[in-house]
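# Observations on the model geometry
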Amino acid sequence: MAKSSADDEELRRACEAAIEGTKQKIVMSIRVAKSRGIWGKAGKLGRQMAKPRVLALSTKLKGQRTKAFLRVLKYSNGGVLEPAKLYKLKHLSKVEVIANDPSGCTFTLGFDNLRSQSVAPPQWTMRNIDDRNRLLLCILNICKDVLGRLPKVVGIDVVEMALWAKENTPSVSTQKNLEDGPVAATVTETELKVTVEKELVSQAEEEDMEALLDTYVMGIGEAEAFSERLKRELLALEAANVHAILESEPLIDEVLQGLEAATNCVDDMDEWLGIFNVKLRHMREDIESIETRNNKLEMQSVNNKTLLVELDKLLERLHIPSEYAASLTGGSFDEARMLQNIEACEWLTGALRGLETPNFDPNYAKMRAVKEKRAELEKLKSTFVRRASEFLRNYFANLVDFMISDKTFFSQRGQLKRPDHADLRYKCRTYARLLQHLKAREFANELRASTKASKNPTVWLEASTGSGQNTNAADTSTVSDAYAKMLTIFIPLLVDESSFFAHFMCFEVPALVAPGGHVNGSKPAYDNGDANDDDLGIMDIDENDSKNGKNSAELAALNDSLQDLLDGIQEDFYAVVEWAYKIDPLRCISMHGITERYLSGQKADAAGFVRLLLGDLESRISLQFGRFVDEACHQIERNERNVRQMGVLSYIPRFAILATRMEQYIQGQSRDLVDQAYTKFVSIMFVTLEKISQTDPKYADMFLLENYAAFQNSLYDLANIVPTLAKFYHQASEAYEQASTRHITVIIYSQFERLFQFARRIEDLMYTLAPEEIPFQLGLSKMDLRKMLKSSVSGVDKNIGVMYKKLQKNLTSEELLPSLWDKCKKEFLVKYESFAQLVAKIYPTETIPSVVEMRELLASM
């Protein structure tokens, strides 16, 4: 057997020199090879190159205790040992021999104080089994004597270790000093091994093992055969135990009888549980039924409470206060009672509006109680109007008669004086709110009677954006006619009402006449049905009048009184505008023109209420039309969300129809309103068109030229008469030229790329080189020119035919093909003529097809 490094005294001295100054004594030192294993793949050696190391077991005496260490030493560049790692043996928890190493010489040492347990511990490989056993027995012996415990041993057969210890009896004296403790005594290595062997097995186990070994005649090296025989005898022993159990039949019968009785009990229990389960299921069903009924009752209770709350609110709305009913049906119209009468009128007005559809739930409108209450309110209204009208007629007639009969109002001692109307004005202002309610109802009734809604309204927005609809299917002229009629009839009436009120209240203001009427009132305003009359019957104020300042003050007071008198009827005018917008939004154009015409004839006059009313109507009409424009623009932008679109977009021809319809409705000053709508429409159309074209860059130019051409074709007639559309027409024309030029250039270069790239290279070199030097450049020689001409010009008719097919491909508008083909031929001739001039200048001796020949060839195709 080769000498072990554990017997190398020189190695021991080198280790002691490496740890000099630590007061530690070397017990054993041995050379090993260090390698790194992988978790989950233990024993796969050769993963990394093995490194030479020296493992040294050392002890240190500290008081009455002895500490044991395992040192790892490595060789420096000069071959001198130096400390690398230090492990305390008190933390040694496991010694494991790698099972996958066939030699059995590789093992790992597990310490429980390592910081990173995720890193595989190093593997130590000995030269042979003897060196491994020497080191491991020494480690176990030190752990037992010094620490009083043994680490967990994995992968090592204890019997094999004991046999190895008996075989390796030669002693190797290892001198130790007495001060080293219980391990440092002078012992032989055999004694160390025997001590470890006795520590691994107890004394009784050792005696039984010796007795067992004495019963067999076999060599000490036949451990495997001995182990196999032990296994066979163990199996025989277990079989005998089973046989002994089977022989105890009475006991087994008793056990079986007990099991049968237990089975019967279990069956009875299962039957009882089944009965209980059925009863529980029925109980669950009953509980679920009760819960369902309870839930329904709870829901019904909640619904009833909600219904009661709603009915209470409805009853509250339908309730007529007794004080208001008394005022409306039989109350006095004295000045002291006017405040109560006005409150009753306001309540009645609010109650009637509250029962109308926009302010009232349609589901309640069909209820009999609501119908009866509405009829009762109408009866109250008619009763009150009759009583109030009769009172006012009699009251003011008596008041005027009294003023006329009392001469003190206008005569004093035979001298006439201007009558004092202060008392009359006070009386009229007292009853102004009552007059307001009566007039508001009168005008509102007349407005509703004069404007009748169409039963089949045309929604222009859907017709202009939908598909398969005829936008001219319905005639909506009655809408604007009704609005014009309303203004023609009621605006003069309001002016006449203002004039009457001014004269009746004796305000010092210029005389007012209705449209087409006369100052003396010989011709009523409403007899003239001309809607184009801009005169609102307002006479100009003489600026040179000395009473101009006083007139202004009188006008302000009069306008305030008119506002109080006529306020409330404007809601019915607004309702007509809303109704007209729902019928046909484009009718806002004509209504705007009609309103603007009436408003332009307005002056700083006594009919201030009329001027404010017309201004509000114009603002509302503009707002409604703006909403229509925004909705149409939104419909246009929705085309952008589609995945891919080819051909002409649907909103291009529809816009032409829309613009034609809008032009038909323009009246008066509505030109600016329509032009602003055109600008917004076309801007959104062009922006959306550009965005859609970017979804497929390959066909972007073709898509753009088709749509811009369709825009020009559909708006050609309108662009000649509408300046705003003419501007967008020229913008579309420029965009069409740019897109068609790009598309044609791509087609030409796809067939004659080498030809024109050759020309471009020549043009680039002409900036730096003389013409005669260019034929000597790489790729531009005469031979290169001939090769290029052969590949490009030799089959020029075929290439031109391919150009035509590419131009025709994917073009949905066939009417554009002739013009595009003519432009394609012109562009090709221009480029070819430039190429021919370059060849004549750079390669004068070379011949190419002339421009005339190429033109004739293109003309024949």
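Residues numbered from 1 in each chain as written. Predicted model: local features only at pLDDT ≥ 70, side-chain atom pairs only at ≥ 80, totals over all residues. Heavy atoms only, no water.

### Focus: the overall build of the chain
Summing up its helical and strand segments, the chain has 29 helices and ten strands in all. Within the span of the chain, comprising 861 residues, buried residues form 40% of the whole. Expressed as a percentage of contacts within the chain between residues at least 6 apart in sequence, the contacts between residues at least 24 apart total 68%. Of the accessible surface of the chain, which amounts to about 49,300 Å², a share of 53% is contributed by carbon and sulfur atoms. (Helix = DSSP H or I, 4+ residues; strand = E, 2+ residues; numbered from the N terminus. Buried < 20%, exposed > 50% of the residue type's maximum accessible area, 1.4 Å probe, protein only. Contact = heavy atoms within 4.5 Å. Areas by Shrake-Rupley, 256 points an atom, 1.4 Å probe, with all protein chains shown as cover.)

### Quick word on the packing of helix α28 (residues 817-842) against helix α29 (residues 851-860)
Each pair of packed helices can be summarised by the angle the axes make with each other and by the distance between the axes. At a closest axis distance of 10 Å, the pairing of α28 and α29 adopts a crossing angle of 165 degrees. By the criterion of interaxial angle, the relationship of α28 to α29 is roughly antiparallel. Helix-helix and strand crossings are classified by hand; for α28 and α29 the assignment is right-handed. Within the contact between the two elements, α28 uses Lys825, Phe828, Leu829, Tyr832, Glu833 and Ala836 and α29 uses Val851, Met854, Arg855 and Leu858. Looking at the contact of α28 with α29 residue by residue, the classes come out as seven nonpolar, no polar and three charged. (Axes fitted to C-alpha atoms, helices over the stretch in contact; angles between N-to-C directions. Parallel < 35°, antiparallel > 145°, perpendicular 65-115°, else oblique. Left-handed = near helix turned anticlockwise from the far one by under 90°. Nonpolar A, V, L, I, M, F, W, Y, C, P; charged D, E, K, R; others polar.)

### Notes on helix α1 (residues 9-18)
Those residues of α1 lying buried are Leu11, Arg12, Cys15 and Ala18. Take α1 and look down its axis: the buried residues cluster within an arc of 120 degrees, on one side only. Seen from the buried face of α1, the exposed residues on the opposite side, beyond 90 degrees, are Glu10, Arg13 and Ala17. Next to the buried residues of α1 lie β1 (25-36), β2 (51-62), β3 (65-75) and β4 (81-88). Capping the start of α1, Asp8 holds a side-chain oxygen 3.1 Å from the backbone nitrogen of Glu10, two or three residues further along. (Arc of directions from axis to C-beta. Polar contact = N/O pair within 3.5 Å; in protein donor to acceptor, adjacent residues only side chain to side chain.)

### Some points on helix α18 (residues 587-600)
Structural remark: α-helix, 3.6 residues per turn; residues separated by three or four positions point the same way. With 14 residues, α18 extends 20 Å between its outermost C-alpha atoms, agreeing within 8% with the 20 Å of an ideal straight helix rising 1.5 Å per residue. With twelve of its 14 residues buried, α18 lies for the most part within the structure. Residues of α18 that are buried: Arg587, Cys588, Ile589, Ser590, Met591, His592, Gly593, Ile594, Thr595, Glu596, Arg597 and Tyr598. (Expected span 1.5 Å × (residues − 1).)

### Looking at the pattern of salt bridges
Scanning the entire structure with this criterion turns up 14 salt bridges. Among the salt bridges present, the one from Arg31 reaches Asp8, with a minimum N-O distance of 3.4 Å. Of this pair, Arg31 sits in strand β1 while Asp8 sits in the segment before α1, and the two are 23 residues apart along the sequence. Notably, a salt bridge pairs Glu376 with Lys373, separated by 3.3 Å at the nearest N-O pair. One end of the pair, Glu376, and the other, Lys373, are both in helix α11 (residues 368-405), three residues apart, so they sit about a helical turn from each other. For Glu376, a relative accessible area of 38% corresponds to the partly exposed category. (Salt bridge = Lys/Arg side-chain N within 4 Å of Asp/Glu carboxyl O.)

### Considering the side chain of Lys825
As for its placement among the helices and strands, Lys825 is situated in helix α28. Excluding anything up to four places from it in sequence, Lys825 contacts Leu858 and Met861.

### Brief notes about a positive patch on the surface
A contiguous patch of positive charge, built from Lys62, Arg65, Lys88 and Lys90, is present on the exposed surface. Within the secondary structure layout, Lys90 lies in the loop between β4 and β5 (92-97). (Patch = residues over 30% accessible without salt bridge, like charges linked within 9 Å, V, L, I, M, F, W, Y side chains within 5 Å. Lys, Arg positive; Asp, Glu negative; His and termini not counted. Charge placed at Lys NZ, Arg CZ, Asp CG, Glu CD.)

### A word on the pairing of β5
Here β5 pairs with strand β6 (residues 106-111) via five bridges, running antiparallel. From the neighbouring strand, Val97 faces β6, where its bridge partner is Phe107. Inspection of the sheet shows β5 paired to strand β8 (residues 152-154) by three bridges, in the parallel sense. The residue of β8 that forms the bridge with Lys94 is Lys152. (Pairing = 2+ DSSP bridges.)

### Notes on the pairing of β1
In this structure, β1 lies alongside β2, joined through nine bridges in antiparallel fashion. Residue pairing across strands places Val32 opposite Arg53, the latter belonging to β2.

### Comments concerning unusual backbone geometry
A positive phi angle, close to 60 degrees, is found at Lys23, a residue other than glycine. Mapped onto the elements of the fold, Lys23 is located in the loop between α1 and β1.

### A few points about the sheet that holds β2
Spatial ordering of the open sheet is given by β4-β3-β2-β1-β7-β6-β5-β8, a layout of eight strands whose pairing is mixed. Sheet topology places β4 and β8 at the edges, where each strand pairs with a single neighbour. Averaged over all adjacent pairs, the angle separating strand axes in this sheet is 35 degrees, with direction ignored. Running at roughly 90 degrees to β1, α1 makes contact with β1, β2, β3 and β4 of the sheet. Across the sheet, helix α2 (residues 129-147) is in contact with β1, β2, β3, β5, β6 and β8; its angle to β1 comes to roughly 125 degrees.

### Section: the confidence of the model for the chain
Chain-level statistics for the chain give a pLDDT mean of 75 and a share of 75% at 70 or above. Model confidence for the chain, summarised as mean pLDDT per element, is weakest for helix α14 (residues 460-465) at 39 and strongest for strand β7 (residues 122-125) at 91. Contacts for the low-pLDDT stretch residues 39-47, under 50 throughout, to residues beyond four places or in other chains number 17 contacts. Contacts of residues 171-198 to residues separated by more than four positions or lying in other chains number 44 contacts, the stretch itself having pLDDT below 50. (pLDDT = per-residue confidence, 0-100.)

### Comments concerning the environment of Phe501
Tracing the chain through its elements places Phe501 in helix α15 (residues 477-504). Measuring from C-alpha to C-alpha, the distance between Phe501 and Ser561 comes to 9.2 Å, with 60 residues separating the pair along the chain.

### As for the packing of helix α20 (residues 651-665) against helix α21 (residues 671-693)
Packing of α20 against α21 brings their axes to within 12 Å, and their N-to-C directions diverge by 180 degrees. By the angle between their directions, the pair α20 and α21 is classed as roughly antiparallel. Across the interface between the two elements, Tyr651, Ile652, Phe655, Leu658, Ala659, Met662 and Glu663 from α20 touch Arg671, Val674, Ala677, Tyr678, Phe681, Val682, Met685, Thr688 and Leu689 from α21. Across the contact of α20 with α21, the residue classes break down as 13 nonpolar, one polar and two charged.

### Examining the side chain of Ser327
Note on placement: Ser327 falls in helix α8 (residues 322-330). The class for Ser327 is buried, based on a relative accessible area of 4%.

### Description of the packing of aromatic side chains
Across all of its chains, the model carries 13 aromatic pairs by this definition. Measuring from ring centre to ring centre gives 6.1 Å for Tyr832 and Phe835, while their planes differ by 45 degrees; the resulting arrangement is tilted. You can see Tyr832 and its partner Phe835 sitting in helix α28, three residues apart, about one turn around the helix. You can call Phe835 buried: its relative accessible area is 1%. Among the aromatic residues, ring-to-ring pairing joins Phe655, Tyr678, Phe681, Phe686, Tyr708 and Phe711 into one connected group. Geometry around Tyr574 places Arg620 over its ring, the cationic atom sitting 3.8 Å from the centre. Over the aromatic face of Phe728 sits the side chain of Lys727, whose NZ or CZ is 4.9 Å from the ring centroid. (Phe/Tyr/Trp six-rings, centres within 6.5 Å; stacked < 30°, edge-to-face > 60°. Lys NZ or Arg CZ within 6 Å of the ring centre and 35° of its normal.)

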